[in-house]
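Read off the chains here:
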Amino acid sequence: MALSSPGLSSFCALSLTCLLVSAFSSQAHAQILTGGNSSVGLWPSLEANNEASPVEDPGPLFSAPYGHNHFFGDWWGAQPWLLDHGIHILADVHEELAGNFKGGRKQGVTNAGQVGVELDVDWGKLTNTKFMDGFWTHMMVVNGHGRNLSTDYIGDSIGGVQQIYGARGNVVAHLVYLYGEKSFLNNHLDISAGWIPVGSFFAASPLYCMYMNVAVCGNPAPNKYTEGNRDWPSGNLGAVARVMPTNDTYIMAGLFAVSPHAFNGGISGWAWAQDGLGKFSTPVEIGWMPSFGKDQLVGHYKAGYSYDNSKYKDLYEDVNGNPWVLTGQPARYRAGRASAWVHADQMLVRNGEGPTNGLIAMAGYMWTDGKTTAMSHHIWTGMLETGKPWGRPLDSIGVMYQWLNMSRTVALQQEASIFGGQPFQSNQWGQVWGVQSHENIYEFFYNAHVANGLTLQPDFQYINRPGGTTTFHDAAVMALQFNVVM
């Protein structure tokens, strides 16, 4: 099937876009939708018609092995035509059934899920004009449903065992992102601007969403729970510039408007002109993506820093330096909030082609200013392996350990609440059940490829010190994750 002119192609593409946006109520993680060998998703400009051996755009630095096949194949011939015209569409259904069978507040089972659609348009290919080469637009809309096992049954708002629950709003279509991207100088320079989840660009890895626990998925805590660095599915108005001096290094910086509201863009994500905008967060990240030896053992190493110039309430001190939960005086405001991170993953043994087809070790650390943020430190380490050694090359298996440490400042606030007979104050992580110190999370999963675009993932998690306290016994959770790319 062919259209006779770029103008007619553009009209058909735009009409299809409108139909999709109105018809779909949407999905899970952008990382899940950008898997396999496809370049769809963050920074897919490697497909731009650049010349002179362009630098390969790292996308979200590399793709998780979820596969790029569709459950319904090539949509009866529609997908190849769309791709030929620069239109990339991914629709997805994602469900997570989880049960707390030991410990926590009480035993129970919940399901949480999403339906979603991602639309990426290569305008150079769509319009067939040189002027538009390297220009893309990206859009993701989601709809969430279900209940949160961690808050409803475990008494834990720190390390949620279901990765896709929360922040979608009680709306049919929640906007995750909508932004334009343009590559220059053969992909050595890439600029994105619009409604962007900060955490999907900075301190991010699609490998982390192989795991169900939301504390690490996509962009690890604590940064993604702060107003200036929201992660998927929340966005901030802003821009990101990435420079790649060499094929395996990059420098990336962003400037984002900080929303002082609980929901950026309102509960729907579409209210961009919220009141109170005027402060900015400025994340910066450097990265190295080497390949070692004859087997091309891929690694990803990054370090970053972010500063938000807003003013935030001190979690403990009032204007006189005393605990405001006791004195009733206004809390002291702190000027600025900083955070920093270091991430690393390295393939140790290769099992086949691709950046994730092998045994991979990973570790990371993130810090956020504990004067105004309830969590100050997060350390994680894990291992991933694909199933080729046991004859299942499209399967994967993984283990991970996480240590999440709450700030000393929030602990002082909670101790003061006990002393004064006051209720505990909620914080960025929700309801508090006691004096918070730290939480340990152990996770094991097996992701099974069942059919094209369809995976099932049994998952076990053990939560030590739920909610960062000893109020409830350790919780043991069994879960089953279902994901199908339409």
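Basis of the calculations
Each residue is numbered by its place in its chain's sequence as written, counting from 1. Only residues with pLDDT of at least 70 get local features here, since the model is predicted, and only at 80 or more are side-chain atom pairs given and counted; chain-wide, interface and lining totals rely on the full set of residues. The side-chain values count all of the structure's non-hydrogen atoms but skip hydrogen atoms and water molecules. Strands here are runs of E lasting at least two residues and helices are runs of H or I lasting at least four, both read from the DSSP assignment and numbered beginning at the N terminus. Any residue under 20% of the maximum accessible area for its type is buried, any over 50% is exposed, and the rest in between are partly exposed; the area is computed with a 1.4 Å probe on protein chains only. Should any heavy atoms of two residues lie within 4.5 Å, those residues are counted as being in contact. Areas reported here follow the Shrake-Rupley algorithm with a probe of radius 1.4 Å; residue values treat only the protein chains shown as occluding. Within 3.5 Å is the distance limit for a polar contact, defined as a pair of N or O atoms, with the added protein rule that one can donate a hydrogen and the other accept it, and that residues adjacent in sequence qualify only through two side-chain atoms. Per-residue confidence from the prediction method is given by pLDDT, with values spanning 0 to 100. Between the rings of Phe, Tyr and Trp (Trp by its six-membered ring), a pair exists once the centres lie within 6.5 Å; its type follows the angle of the planes, with under 30 degrees stacked, over 60 edge-to-face, and the other angles tilted. Sulfur atoms of two cysteines make up a disulfide when they are within 2.5 Å. We count a salt bridge whenever a side-chain nitrogen from Lys or Arg sits within 4 Å of a carboxyl oxygen from Asp or Glu. To form a nonpolar core, buried Ala, Val, Leu, Ile, Met, Phe, Trp, Tyr and Cys residues must be joined to one another through side-chain atoms within 4.5 Å. In this scheme, a helix's expected span is set at 1.5 Å multiplied by one less than its residue total.

Attention shifts here to the overall build of the chain. In terms of regular secondary structure, the chain is built from eight helices and 17 strands. Burial analysis of the chain (486 residues in total) assigns 56% to the buried set. For the chain, long-range pairs separated by at least 24 residues make up 67% of all intrachain contacts whose partners lie at least 6 apart in sequence. With an accessible surface of roughly 18800 Å², the chain has 63% of that area assigned to carbon and sulfur atoms.

In this section: the environment of Asp122. Mapped onto the fold, Asp122 is located in strand E2 (residues 108-122). From its side chain, Asp122 meets the backbone nitrogen of Gly124 in a polar contact 3.1 Å long.

This paragraph deals with the confidence of the model for the chain. A residue-level look at the chain finds 85% of positions with pLDDT of 70 or above and a mean pLDDT of 84. pLDDT under 50 marks residues 1-53. Its contacts with residues more than four places away, or in other chains, come to 147 contacts. Taken as a whole, residues 56-67 scores under 50 in pLDDT and shows 50 contacts with residues more than four places along the chain or in a different chain.

Our focus in this paragraph is the packing of aromatic side chains. By the definition in use, this model includes 15 aromatic pairs. Plain terms: the ring middles of Trp195 and Trp272 are 5.4 Å apart, the flat faces sit at 10 degrees to each other, and that makes the pair stacked. Of this pair, Trp195 sits in strand E5 (residues 189-196) while Trp272 sits in the loop between strand E7 (249-258) and strand E8 (279-288), placing them 77 residues apart in sequence. An angle of 85 degrees between the planes, with centres 5.2 Å apart, marks the rings of Tyr211 and Phe445 as edge-to-face. In this pair, Tyr211 is assigned in the loop between helix H6 (198-201) and strand E6 (236-246) and Phe445 in strand E15 (residues 438-451), connecting sequence segments 234 residues apart.

All right, on to the state of the cysteines then. The tally for this structure, following the rule as stated, stands at one disulfide. Each sulfur in the disulfide pair Cys209 and Cys217 lies 1.9 Å from the other. In this structure, the disulfide formed by Cys209 and Cys217 twists by about 90 degrees around the S-S bond and is classed as right-handed.

Enumeration according to the criterion identifies 10 salt bridges in this entry. Residue Arg147 is joined to Asp152 by a salt bridge in which the shortest nitrogen-to-oxygen separation is 3.0 Å. Ionic pairing is found between Asp314 and Arg334, a salt bridge with its closest N-O pair at 2.8 Å. Remark: Arg334 occurs in strand E11 (residues 331-350) and Asp314 occurs in strand E10 (residues 297-318); sequence separation between them is 20 residues. You can call Asp314 buried: its relative accessible area is 2%. Salt bridges here are not isolated pairs; linked through shared partners, they connect Asp314, Glu317, Arg332 and Arg334.

What follows concerns the nonpolar core. Within the largest apolar cluster, 32 residues are counted, with the highest numbers of intra-cluster contacts made by Phe201, Phe202, Tyr211, Val240, Met362 and Leu384. Listing elements by their share of this core, those giving two or more residues are strand E3 (135-146), strand E4 (174-184), H6, E6, E7, E11, strand E12 (358-368) and strand E13 (375-387). Counting residues in each nonpolar core, the second largest holds 20 residues, with Val161, Met212, Ala215 and Met375 among its members.

The end-to-end C-alpha distance of helix H8 (residues 408-419) is 16 Å, a good match for the 16 Å that 12 residues give at a rise of 1.5 Å each. Lining the buried residues of H8 we find E10, helix H7 (324-327) and strand E14 (392-406). Looking one or two residues beyond H8, the residue adopting positive phi is Gly421, at roughly 65 degrees.

Before going further, it helps to spend a moment on the environment of Phe280. Inspection of the secondary structure puts Phe280 in strand E8. Beyond its immediate sequence surroundings of up to four residues, Phe280 is in contact with Leu255, Phe256, Ala257, Val258, Tyr307, Asp308 and Asn309.

This paragraph deals with the side chain of His174. One can find His174 in strand E4. In terms of polar contacts, His174 uses its side chain to reach the backbone carbonyl oxygen of Pro233, at 2.9 Å.

Attention shifts here to the side chain of Asn236. For Asn236, the position within the fold is in strand E6. For Asn236, a relative accessible area of 1% translates into the label buried. For Asn236, the side chain forms a polar contact with the main-chain oxygen of Glu227, separated by 3.4 Å. A polar side-chain atom of Asn236 sits 2.9 Å from the main-chain carbonyl oxygen of Ala257. Apart from residues no more than four positions distant in its own chain, Asn236 is found in contact with Gly194, Trp195, Ile196, Val198, Glu227, Gly228, Arg230, Phe256, Ala257, Val258, Ser259 and Asn264.

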